[in-house]
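Listed below, chain by chain, are the residues.
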Amino acid sequence: MSPGPLYLGFDLSTQQLKAIVISSDLTVISEAKVDFDADFKEKYGITKGVRINEDEGEVYQPVAMWVEAVDLVLSRLHEKGCPMDQIKGLSGSGQQHSSVYWNSDAETALKSLDPKRSLLAQLGGVFAYKFAPNWQDHSTQKECDDFDAHLGDPQKLAEVSGSAAHHRFTGTQILRMRRRRPEVYESTARISLCSSFLASIFLGSIAPFDISDVTGMNLWDISAQAWNEKLLELTAGSADGIAALRKKLGDVPLDGGSIFGTVAPYFVDRFGFSKDCRITAFTGDNPATILSLPLRPLDAIVSLGTSSTFLMSTPNYKPDPSYHFMNHPTTQGHYMFMLCYKNGGLAREKVRDALPKPEGKGDPWANFNKAVLETPPLDVKNTDSDLAELGLRILTIILFLQ
Ligand SMILES: Nc1ncnc2c1ncn2[C@@H]1O[C@H](COP(=O)(O)OP(=O)(O)O)[C@@H](O)[C@H]1O
Ligand SMILES: O=C(CO)[C@@H](O)[C@H](O)COP(=O)(O)O
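Just so it is clear, the model here is predicted, and its values are computed rather than measured.

Take the environment of Asp-255 next. Along the polypeptide, Asp-255 turns up in the loop between α11 (242-249) and β12 (259-262). With a relative accessible area of 42%, Asp-255 lands in the partly exposed category. Separated by 75 residues in sequence, Asp-255 and Thr-330 have C-alpha atoms that sit 6.9 Å apart. There is a polar contact of 2.9 Å between the side chain of Asp-255 and the backbone nitrogen of Gly-257.

Here we take up the site of ligand 2. Every one of the 15 residues lining ligand 2 counts as a neighbour, but Thr-14, His-97, Arg-168, Asp-285 and Ser-307 are closest to it. At 3.0 Å, a side-chain N or O of Asn-286 approaches an oxygen atom of ligand 2. A distance of 3.2 Å separates an oxygen atom of ligand 2 from a polar atom in the backbone of Thr-306. Summarising the interface, the protein chains cover 94% of the accessible area of ligand 2, which totals 380 Å² for the free molecule. Secondary-structure elements contributing two or more residues to the shell around ligand 2 are α13 (285-292) and β18 (335-341). Considering only residue class, the shell around ligand 2 consists of 3 nonpolar, 10 polar and 2 charged.

Right, let's get into the pattern of salt bridges. Within this structure, the stated rule accounts for 19 salt bridges. We note a salt bridge from Glu-349 to Lys-48, for which the minimum N-O separation is 3.1 Å. With Glu-349 in helix α14 (residues 344-354) and Lys-48 in the loop between α1 (36-44) and β4 (51-53), the pair connects residues that are 301 residues apart, well separated along the chain. Take Glu-349: its relative accessible area is 18%, and that puts it in the buried class. Under the relative-accessibility criterion, Lys-48 is labelled partly exposed at 34%. Each of the salt bridges in this network shares a partner with another, and the network as a whole consists of Glu-56, Glu-58, Arg-176, Arg-180 and Arg-181.

Our next topic: the sheet that holds strand β15 (residues 301-304). Reading across the sheet, the 4 strands line up as β15-β16-β18-β17 and stay open at both edges, with antiparallel pairing between neighbours. Each edge of the sheet is formed by a strand with only one pairing partner; in this case those strands are β15 and β17 (324-327). Strand-to-strand twist in this sheet, taken as the mean axis angle between neighbours without regard to direction, amounts to 30°. Summarising the sheet, β15 and strand β16 (residues 308-314) pair through 4 bridges and their orientation is antiparallel. Residue pairing across strands places Leu-304 opposite Ser-308, the latter belonging to β16. Its contacts with the sheet put α13 on β15, β16 and β18, and the angle it makes with β16 is roughly 55°.

To continue, consider the nonpolar core. In terms of nonpolar packing, the biggest core is built from 56 residues, with Leu-74, Phe-197, Phe-267 and Phe-273 touching the most fellow members. Top contributing element to this core by residue count: helix α2 (residues 63-79), with 9 residues. Beyond its immediate stretch of four places on either side in the chain, Phe-197 contacts Leu-12, Val-63, Trp-66, Val-67, Val-100, Trp-102, Phe-127 and Ser-192. Among the nonpolar cores identified, the runner-up in size contains 40 residues, and Phe-147, Leu-175, Leu-193 and Ile-242 belong to it.

The next point concerns the environment of Tyr-129. Relative to the elements of secondary structure, Tyr-129 occurs in the loop between α4 (119-123) and β8 (131-133). On the basis of relative accessible area, Tyr-129 is assigned to the buried category, the value being 12%. Along the primary structure Tyr-129 and Val-63 are separated by 66 residues, whereas in three dimensions their C-alpha atoms are 8.5 Å apart. For Tyr-129, the contacting residues outside a window of four places in its chain are Val-63, Tyr-101, Met-177, Arg-181 and Val-184.

So, about the sheet that holds β4. Taking strand neighbours across the sheet as the criterion, the 3 strands line up as β4-β5-β8 in an open arrangement whose pairing is antiparallel. On the outer flanks of this sheet lie β4 and β8, each paired with one strand and no other. Across the sheet, the mean angle from the axis of one strand to that of its neighbour is 35°, orientation sign disregarded. In the sheet, strand β5 (residues 58-62) pairs with β8 via 3 bridges, with the strands oriented antiparallel. Across the sheet, the residue bridging to Pro-62 is Phe-131, located in β8. Across the sheet, α2 lies against β5 and β8, angled at about 35° from β5, the strand it touches most.

Criteria and cut-off values
- Residues numbered from 1 in each chain as written.
- Chains lettered and ligands numbered in written order.
- Predicted model: local features only at pLDDT ≥ 70, side-chain atom pairs only at ≥ 80, totals over all residues.
- Heavy atoms only, no water.
- Helix = DSSP H or I, 4+ residues; strand = E, 2+ residues; numbered from the N terminus.
- Buried < 20%, exposed > 50% of the residue type's maximum accessible area, 1.4 Å probe, protein only.
- Polar contact = N/O pair within 3.5 Å; in protein donor to acceptor, adjacent residues only side chain to side chain.
- Near = heavy atom within 4 Å.
- Areas by Shrake-Rupley, 256 points an atom, 1.4 Å probe, with all protein chains shown as cover.
- Nonpolar A, V, L, I, M, F, W, Y, C, P; charged D, E, K, R; others polar.
- Salt bridge = Lys/Arg side-chain N within 4 Å of Asp/Glu carboxyl O.
- Pairing = 2+ DSSP bridges.
- Axes fitted to C-alpha atoms, helices over the stretch in contact; angles between N-to-C directions.
- Contact = heavy atoms within 4.5 Å.
- Core = buried A, V, L, I, M, F, W, Y, C linked by side-chain atoms within 4.5 Å.

Note that every value here comes from positions in space, so none of it alone points to a role or purpose.
Structure, rendered in structure tokens:
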């Protein structure tokens, strides 16, 4: 029996490109992944998905690797016998903050993709910069100082953009790109976030930023729901440069759930997608996580990937330099609150490696999981007087009940 209309979701994260196909009742029909280290370590010179330039604190990923991964993950789905022609909707998420710099050939190349040739053969030359600065990049201290000072102080920047300046936030990254690599900035026709980059490939045209992901840039004025003119001026270097920067950034649709169009003919001819398979906005991986569970007021999600994040949804906008506020991805007037630990995965691996190794070729995390399950949270046995819970309650009161 046919499972009915299917939906395809992607996640382009630090270490993998994952694809999952589900039916309307959320049954998983097929899945495939490209693991960057397992598939591309030698070819692209990466470790844990990234390259590092220690001297400047740069952490970055080859954009060509992402492009190649799209063809590869789809051919894996296809080879598994996934009924591609029944996929009616397609969307996805991308690691937040990471940016792609397209040159002026990009739009034409995306519109005229030939299904007989690979994506990489056709898109290899459309980037003004071969790399995407990764969210782990920390080369932008000077730019952070400039952002924090530009509106007065970090509190003011947080009030306007939802966050104080952060190394990984895309505004500080674009400012550094203009200063450090002015030729790249000049030859950039459009800038994408990781999420809108992936949407652009499927759409065959450069997709706009998502309304939630745009709030991870330190450039979007959340109260005005518009680019902040002063922050654009800082990034562009002068008032005269604002118009050119706006062009590179593009317009941002305020409706996060909008449909961008149908899948590009390349995917219909090469992988058997239906012509009417529709593409909805791709968003950041954390906003996507917020959407993945039906959160009630005061519910929180902890997401453990390369980073670790703590997420809540709220109608109250209470920004502070010590955490992040972002637009909710689909509900206008709602926000998501986030704490992010950049070294979450690393810390867990360190603890895992300090424990005795499990015997044989079983799950390398077996002893870690056992130790976690056997240890009471923060080693506090009485949960009624648990200090961690007290901390969470205070945070909740500060955020929501003030
Ligand atoms: N069984 C496990 N228990 C705890 N952590 C794990 C386990 N398996 C993988 N990890 C950690 O999760 C990280 C990868 O998470 P994943 O969500 O796939 O990455 P990404 O950030 O690319 O989305 C790895 O770096 C590793 O530290
Ligand atoms: O930078 C942040 C959030 O601000 C990270 O959470 C990234 O979004 C990366 O996600 P993973 O690759 O760890 O899933």
